[in-house]
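Architecture at a glance
Chain residues, written in single-letter form:
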Amino acid sequence: MKKKQPKDFLRNKTAQIAREMKGEDQLHITSCILQKNGDRYVTVRDIASLDETPPTYIYSLIPFEEDPDVQEFFVRHKRLIESGFYDG
């Protein structure tokens, strides 16, 4: 079995982030609002969810989120969120 090379891993993660940014993956950010205290309210749409209203997360509390998929999603988008890329 061939070992996955670091370049392949990074290429796959980059492609996944691009799909998520375009809304083509299961989770994607629909809004991100910077608060006066420096925290952000981030609304994430889950296309597999039947909820009509997507949940809004408080960015500083994400490490305490119980859903590992949501945690991993935020880890992948950490730099973009913190840079203000999604702020609207």
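Residues numbered from 1 in each chain as written. Predicted model: local features only at pLDDT ≥ 70, side-chain atom pairs only at ≥ 80, totals over all residues. Heavy atoms only, no water.

1. Focus on the pattern of salt bridges
The test is simple: Just to be clear on terms, a salt bridge is a Lys or Arg side-chain nitrogen sitting within 4 Å of an Asp or Glu carboxyl oxygen. A run of H or I in DSSP becomes a helix once it reaches four residues, and a run of E becomes a strand once it reaches two; helices and strands are each numbered from the N terminus. Classification of residues uses two cut-offs on accessible area relative to the type maximum, computed with a 1.4 Å probe and protein chains only: under 20% is buried, over 50% is exposed, and between them is partly exposed.
In this structure the tally under the stated criterion is three salt bridges. Where Glu20 meets Arg76, a salt bridge forms, and the shortest distance between an N and an O atom there is 2.6 Å. With Glu20 in helix α1 (residues 6-21) and Arg76 in helix α2 (residues 68-76), the pair connects residues that are 56 residues apart, well separated along the chain. As far as burial versus exposure is concerned, Glu20 and Arg76 are alike and both buried. Between Glu82 and Lys78 there is a salt bridge, and its shortest N-O distance comes to 2.8 Å. Highlighted residues: Glu82 and Lys78, both in helix α3 (residues 78-83), separated by four residues, approximately one helical turn. The exposure class assigned to Lys78 is partly exposed, which follows from its relative accessible area of 40%.

2. Observations concerning the sheet that holds strand β3 (residues 56-58)
We count it as follows: Two strands qualify as a pair provided that DSSP identifies no fewer than 2 bridges between them. Axes, fitted as lines to C-alpha atoms, cover a helix only where it is in contact. Angles between the N-to-C directions of the axes lie from 0 to 180 degrees. We call two residues in contact whenever any of their non-hydrogen atoms come within 4.5 Å of each other.
With antiparallel pairing, three strands are arranged side by side in an open sheet as β1-β2-β3. One side of each edge strand has no neighbouring strand; the edge strands of this open sheet are β1 (27-34) and β3. Neighbouring strand axes in the sheet, compared pairwise and without regard to direction, differ in orientation by 30° on average. Sheet topology note: the strand β2 (residues 40-46)/β3 ladder contains three bridges and is antiparallel. When the sheet's bridge partners are listed, Tyr41 is paired in β3 with Ile58. Seen against the sheet, α2 touches β1, β2 and β3 and runs at an angle of roughly 65° to β1.

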